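Fold and geometry: a report
Below, each chain spelled out in residue letters.
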Amino acid sequence: EKGILTDYINQNYPGLQPIDDSIYYVQLSAPINDTVTIVNDTTVCVYYKGMFLDGFVFDTNIDSVADRLDRTFSSTDSLEVTVGSSAQIRGFSQALVNMKLGEWSRVIMPSYCAYDSTGSTSIPPYKTLIFDIYVCSINDHSVYDDASEK
């Protein structure tokens, strides 16, 4: 897995270094509010797309992605998570503490930050995952509120 991940990073993001020797983090668009921070136990709502390195989408809550793939996923509502909770894979929480309100980021995580040797229903064991994540609210701060104040 490590060699495949290293090759993917070198081909797509030359020079990108992991955060805390684990996840790779690429900001796709700047936040609309960079003063509200995310820490453990913060309630965050996100839109996301989960993919394998080959681009296969295994899960999403983004309507346009689901429609384009002509597949049904669990929900197209924003996902509310408590950062650092055991209900989330470690790499997802690690990504969120680096993000700000209204930011799109791509997170590439080795299996030991995701489902490791156990896998899940739609994810094989030892699979590197990519998540495109958009933070739409942090606690009581929403992108909709912040956008209307500008």
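Description of the structure in this document. Each chain has its residues counted from 1, running along the sequence as written. Local features in a predicted model are, by the rule used here, given only for residues with pLDDT of at least 70; side-chain atom pairs are given and counted only at 80 or more, and totals for whole chains, interfaces and linings are based on all residues. In computing side-chain properties, one takes all heavy atoms of the structure into account and sets aside hydrogens as well as water.

**Comments concerning the overall build of the protein**
For the protein, the count of helices and strands is four helices and seven strands. Taken from the N to the C terminus, the helices and strands of the protein come in the order α-β-β-β-α-β-α-β-β-β-α. For every residue, the accessible area (1.4 Å probe, protein chains only) is compared with the maximum for its type, and the residue is labelled buried under 20%, exposed over 50%, or partly exposed between those bounds. By the burial criterion, 45% of the 150 residues in the protein qualify as buried. Throughout, a residue-residue contact means that at least one pair of heavy atoms, one from each residue, lies within 4.5 Å. Contacts spanning at least 24 positions in sequence make up 68% of the contacts within the protein whose residues lie at least 6 apart. Where accessible areas are quoted, they stem from the Shrake-Rupley method and a 1.4 Å probe; at the residue level, only the protein chains shown are allowed to cover. Total accessible area on the protein stands at roughly 8100 Å², and carbon and sulfur atoms take up 47% of it. The secondary structure listing takes helices from DSSP runs of H or I that are at least 4 residues long and strands from runs of E that are at least 2 residues long, numbered from the N terminus.

**A word on the packing of aromatic side chains**
Side-chain rings of Phe, Tyr and Trp, where Trp is taken by its six-membered ring, are said to pair if the distance between their centres is within 6.5 Å; with planes under 30 degrees apart they count as stacked, over 60 as edge-to-face, and otherwise as tilted. All told, the structure shown has eight aromatic pairs when counted by the stated rule. An angle of 85° between the planes, with centres 5.8 Å apart, marks the rings of Phe58 and Phe131 as edge-to-face. With a gap of 73 residues between them, Phe58 in strand E3 (residues 57-60) and Phe131 in strand E6 (residues 129-138) connect regions that are remote in the sequence. The cationic tip of Lys127 hangs over the ring face of Phe52; the distance from NZ or CZ to the ring centre is 5.0 Å. Whether a charge sits over a ring comes down to the Lys NZ or Arg CZ being within 6 Å of the ring centre and within 35 degrees of the ring normal.

**Observations regarding the nonpolar core**
To define a nonpolar core, start from buried Ala, Val, Leu, Ile, Met, Phe, Trp, Tyr and Cys residues and group those joined through side-chain atoms within 4.5 Å. Of all hydrophobic cores here, the largest spans 31 residues; its most connected members are Leu96, Met109, Leu129, Phe131, Ile133 and Val135. Mapped by element, the contributors of at least two residues to this core are strand E2 (43-52), helix H3 (90-96), strand E5 (104-109) and E6. Ranked by residues supplied to this core, first place goes to E6 with seven residues. Not counting residues within four places of it along the chain, the set of residues in contact with Val135 comprises Ile38, Val44, Cys45, Val46, Leu96, Met99, Lys100, Leu101, Gly102, Glu103 and Val143. Judged by nonpolar contacts, the second largest core, of 10 residues, contains Leu5, Tyr8, Tyr13 and Ile130.

**A closer look at the pairing of E3**
Relative to E3, E2 runs antiparallel, the two being bridged by three bridges. Considered in E3, the bridge of Lys49 is made with Thr60. For two strands to count as paired, DSSP must find a minimum of two bridges between them.

**A look at the layout of surface pockets**
A cavity here means a set of points on a 1 Å grid, drawn over the protein atoms and nothing else, where a 1.4 Å probe fits but cannot get out; a pocket is an open set with protein on both sides within 12 Å along at least five of seven lines, and a residue lines either one if it has an atom within 4 Å of a point. Grid points are joined across faces, edges and corners, and a volume is the space filled by probe spheres set on the points. Roughly 160 Å³ of volume is contained in the second largest pocket. Every residue along the wall of the second largest pocket is listed here: Glu1, Lys2, Leu5, Thr6, Pro18, Asp21, Ser22, Tyr24, Pro110 and Tyr112. With three residues, helix H1 (residues 2-12) is the largest single contributor of residues to the lining of the second largest pocket. Grouping the amino acids of the lining of the second largest pocket by side-chain chemistry returns five nonpolar, two polar and three charged. Each residue receives one of three labels: charged for Asp, Glu, Lys and Arg, nonpolar for Ala, Val, Leu, Ile, Met, Phe, Trp, Tyr, Cys and Pro, and polar for the others, Gly being one of them.

**Focus on the pattern of salt bridges**
Between side chains of opposite charge, a pair can form when the charged atoms approach closely. Put simply, a salt bridge is a Lys or Arg side-chain nitrogen that is within 4 Å of an Asp or Glu carboxyl oxygen. In the structure shown here, the tally under the stated rule is two salt bridges. In this structure, Asp132 and Arg106 form a salt bridge, with 2.6 Å as the shortest nitrogen-oxygen distance. Separated by 26 residues along the polypeptide, Asp132 in strand E6 and Arg106 in strand E5 bring together distant segments of the chain. On the accessibility criterion, Arg106 (18% relative accessible area) is buried. Overlapping salt bridges, with partners in common, bring together Lys49, Arg106 and Asp132 in one network.

**Re the environment of Ile4**
Tracing the chain through its elements places Ile4 in helix H1. Sequence separation between Ile4 and Thr128 is 124 residues; the distance between their C-alpha atoms is 8.8 Å.

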